[in-house]
Every structure is written in C-alpha cells, then in structure tokens.
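Chain by chain, the residues:
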Amino acid sequence: MAGYEDFVDLSYKPAKSDMIVSFRVGVPGWETKKRAWGAVASESSIGTWAKVVGLKYEHVKKVAAKVFWAGKDGWIKIAYPVDHFEYGNMAQILASIAGNDFGMKAVSSLRLQDVKWPAKIVKAFPGPQFGIKGIRKIFGVKKRPLMLSVPKPKVGMTTKEHAQIGYDIWTGGLDLLKDDENLSNQKFNPFEKRVKLSLKLRDKAEKETGEKKSYLINVTAPTTDEMLRRAKFVAREGGEYAMIDVITSGWTSVRTLREHCADLGLAIHAHRAFHGAFDRNPKHGFSNLAVGEVVRLLGVDQYHIGTHIGKMVSPKHEVLDVQEHITQQKVRENPVEHCLAEDWLDTKPVFPVASGGLQPGLIPQIIDLLGTEIMLQLGGGVHGHPKGSHAGAIAMRAALEAKLEGKSLEEASASCKALQQAMDYWGYTRPR
Ligand code: CAP
Ligand code: MG
C-alpha cells in the first residue's frame, strides 16, 4: 500500500516560503493516526493510494507536502512547498489543499482551519481595489459603521417595489441598498430595469438627504461573460459596486470580476451564500476564516463575517478570527484557535459585514462585539418594522447614533418614535 506515513516528518522545519495549513483530522478506528495524517498530506499534494515509481524522483519529492506538527484533538499542520502551486491560481491551490483530502476513507472527518499564505502567493493576487479606506472615501464617512439593507421579501417584488424600498431606506438614513443573494435577473425584476430605476431614485435620495448613497447590485450571472456585461452596465449607469455570490459563482469568476472591476472602478461586495454547507461543522469542512482569506486575496472589498448574536450559526471566536485575518496586515498565531500567523504585505483590508437576523435593538451588542470598522446589514430588522421600511431605516440609524453617542436605546427612543416602535416590537430579541 502507499507509504502515507512517508508524508509525515515531525522533525521537518518548514521553509519560510512554504504554505502552511492547519487541519483537524478525524481518525477512523481501524486506522493509525500517522497513516491518516499522511493520507491528507499525500492526497492534497502528489500521492495516491498506491506506491508509484515516480515517488522516488527528487524533483517530485521537492513538491510533496509534509505533516510537520501534530497536537491534541487531531490537530496537525502540513507544509506545502510553494512551487507545488501555480502561484496566482486559486482554483488549483484549493484543488490541492481543499480537494480530495476531504473525501478520503483514511480520515473520518477533516476540517481545514487556516492557511498561512507565503509571500510569493500573496503577491500573485490583486487583493482589494478599494479596501476599507477606499470604501469610506466613497461615502465620506470616516468613522461610523456603514449601514445597509436588503429589501425583504428577498425575491418576488417588482422592480418598482424594489426601487421604492431603496428610496425609503436611503431617505430613512441608510447608506446602501443591497440586492439579496438570490436576486439576479428574474422575470418580475429584470436586472437592467432594476439598476436604472434604483439608481435614479438613489440620485433623488442623495439630493434630498445631502448624503452619498449607493447600491450593492448582484451581478451573479449564468456565465462569466454575462456577469462582466452586467458589471459594465452598472458602471455605465453610475453605480459604485458589483456584488457577487462568491461561492456559487466560483473562485475563477471572482478573480475575473476583480480584473474587470479595476478598469470599471467598481468595488466588490462578496456574499457567501452556500458557505454553511461546509463551514458550520467544527470537525469537518472549510472554515469561514479560510474563505475570508481566499476572497481577500482574490480582491473583494466587503465580506460577510457572521454576527454570533443573529440568526446564522457563527461562533464568537470564528467571527473574531475572520474579522482579524481580513482586516489586519500582520496577524500573530493563535494556537488556541489553530489560526496561523500571516503577513498580508500590502494587500488591502476587507470591510467586514455583520448581517443575518439583526434588528435595531441588537446594534449596541454588535458594536460591543465587533467595534465600528464594520458594515451593518439589517433586512428583516428594517422591513419588519411595524411602520414599514422607512421607519425601520430611521430606527436603525437612531440606534447606531445612540450607541456611538454613548446613549441607551431607551434614552434615544424618547426622541425617536420609530426607534421607540422598534423597541416596543422587538426589544433586544435575538432571532433564531
Ligand atoms: C440577511 C440576509 C443575508 C444574510 C447572509 C439573508 O437578511 O439578507 O443574506 O445575512 O448571512 O438573506 O438572510 P436579514 P451571512 O437581515 O433579514 O436576516 O451574513 O451570515 O452570510
Ligand atoms: Mg440575503
């Protein structure tokens, strides 16, 4: 049988140029730890189940992965020589480190927790065009969180109804309207019509409020060419953003969109729908931390990190880990969370988005958890307001302003009817 154990060398000291990956390996009762660990390193780099002649060639061994560290509870670290990879090809990189290894019988479960990206690979990717500073510059908003809202029901409304909601939330005080993850170009709300009418009402709302307003328009499309055509249309109509469902569209589509958005001058909002299929089981799958790093390299400007207190499964430490790794330039190793050190060189930071089950009564808690360098998205928490979307937006902004001024929501409600109504209706409830 294959010498999976040959891929384990606990005396190996990784080269600075190696890619390091932290995995948690479940070992089946009939298997040895060493063979299970080696199977992951073998299958995710050069090997297979059978011992083949080529394995003895020096030039082949040079691009083989090695398990070099093993801790408690199945945690291991694997080093990959950087020349195993096509530096700027995310699809190939993940087909190695996050490919067949997840499905092998030699492991009963496998969780890829974090990646330390070597400089040669970090430099091979564009990273965000705008980053946090650039996004803040679009709005002229230096400190406070940016506020956005997704019209709800998320799909089914007509273009006119959708755009009207945009007008209602922009004039209610929010900065951004956002398409939902599954709104694209359906018959009842065609893409080009929606862009034109929404941006027309955006211009009207800007004039009335004197504030910059924008719109995260979902360009997710049947083909990459059509996605790029939609992005071009947004730019031509005066939009500032292209939104993409990064996981259902695929990594190469994200990279292609990023290349084109450089010329179009569009910022990219990354929605992560589908991530729950592989990132919620702490013992198996691919962490949202790793997804956040992947999309930072590919070059999105904004990414959903979870809220811990909202409706989606998002353990506190995971939310904080991904926030740290997508916003900092240098990150220290966190052995407790099995997060690896990282040097992002001059890759710009990504704006973290907190969304999913939030309502005005939860805004103080979210700020306490994540600080103010975030984007806050409330969908149901605005459009479910008893007096409708415009009142919901007023309540959201009043709750944020109260928190930033150090006032309680009760105090702020005394001078804001819409916030009072939201507090009477939801209080501090956390939807599940
Ligand atoms: C939130 C949302 C977002 C989720 C995605 C939704 O709506 O529009 O897609 O936030 O989850 O469709 O659920 P609500 P995450 O504000 O009404 O909950 O941000 O965790 O990726
Ligand atoms: Mg949504």
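Anyway, here's the lowdown on the structure attached to this text. (Residues numbered from 1 in each chain as written. Chains lettered and ligands numbered in written order. Predicted model: local features only at pLDDT ≥ 70, side-chain atom pairs only at ≥ 80, totals over all residues. Heavy atoms only, no water.)

### Things to note about empty space enclosed by the protein
Where empty space is left becomes clear once a probe the size of a water molecule has been rolled over the atoms.
Then step 1. Summed over all chains, the structure comprises three cavities of 30 Å³ or more.
Then step 2. Around the largest cavity, the lining residues are Arg272, Asp279, Arg280, Asn288, Ile305, Val313, Ser314, Pro315, Glu318, Val319 and Val322.
Then step 3. When residues in the lining of the largest cavity are grouped by element, the largest group, three residues, is from helix 13 (residues 316-327).
Then step 4. A breakdown of the residues in the lining of the largest cavity according to their chemical character gives five nonpolar, two polar and four charged. (1 Å grid on protein atoms, 1.4 Å probe; cavity = no way out; pocket = protein on both sides within 12 Å on 5 of 7 lines; lining within 4 Å. Points joined across faces, edges and corners; volume = space filled by probe spheres on them. Helix = DSSP H or I, 4+ residues; strand = E, 2+ residues; numbered from the N terminus. Nonpolar A, V, L, I, M, F, W, Y, C, P; charged D, E, K, R; others polar.)

### Some points on the packing of helix 8 (residues 224-236) against helix 10 (residues 251-264)
Then step 1. One can describe the packing of helix 8 onto helix 10 by two numbers: an axis separation of 10 Å at closest approach and a directional angle of 30 degrees. The angle between helix 8 and helix 10 places the two elements in the roughly parallel class. You can see that helix 8 and helix 10 cross each other, and the crossing is right-handed. Contact residues: Thr224, Met227, Leu228, Ala231, Lys232 and Ala235 in helix 8; Ser253, Thr256, Leu257, His260 and Leu264 in helix 10.
Then step 2. Looking at side-chain class alone, the contact of helix 8 with helix 10 contains six nonpolar, four polar and one charged residues. (Axes fitted to C-alpha atoms, helices over the stretch in contact; angles between N-to-C directions. Parallel < 35°, antiparallel > 145°, perpendicular 65-115°, else oblique. Left-handed = near helix turned anticlockwise from the far one by under 90°. Contact = heavy atoms within 4.5 Å.)

### What to know about helix 1 (residues 33-43)
Then step 1. Burial analysis of helix 1 places nine of its eleven residues in the buried class, the great majority of the element.
Then step 2. What helix 1 keeps buried is the set Arg35, Ala36, Trp37, Gly38, Ala39, Val40, Ala41, Ser42 and Glu43.
Then step 3. Of the surrounding elements, those touching the buried residues of helix 1 are strand 1 (19-26), strand 2 (66-70), strand 3 (75-80) and strand 4 (109-116). (Buried < 20%, exposed > 50% of the residue type's maximum accessible area, 1.4 Å probe, protein only.)

### Topic: the pairing of strand 9 (residues 267-271)
Then step 1. The element strand 9 is extensively covered by neighbouring structure, given that five of its five residues are classed as buried.
Then step 2. Alternating residues of strand 9 divide into Ala267, His269 and His271 and Ile268 and Ala270, and every residue in both groups is buried.
Then step 3. Here five bridges tie strand 8 (residues 241-245) to strand 9, and the two strands are oriented parallel to one another. Within the sheet, the bridge partner assigned to Ala242 lies in strand 9 and is Ile268.
Then step 4. Bridging between strand 9 and strand 11 (residues 302-304) involves two bridges; their strand directions are parallel. (Pairing = 2+ DSSP bridges.)

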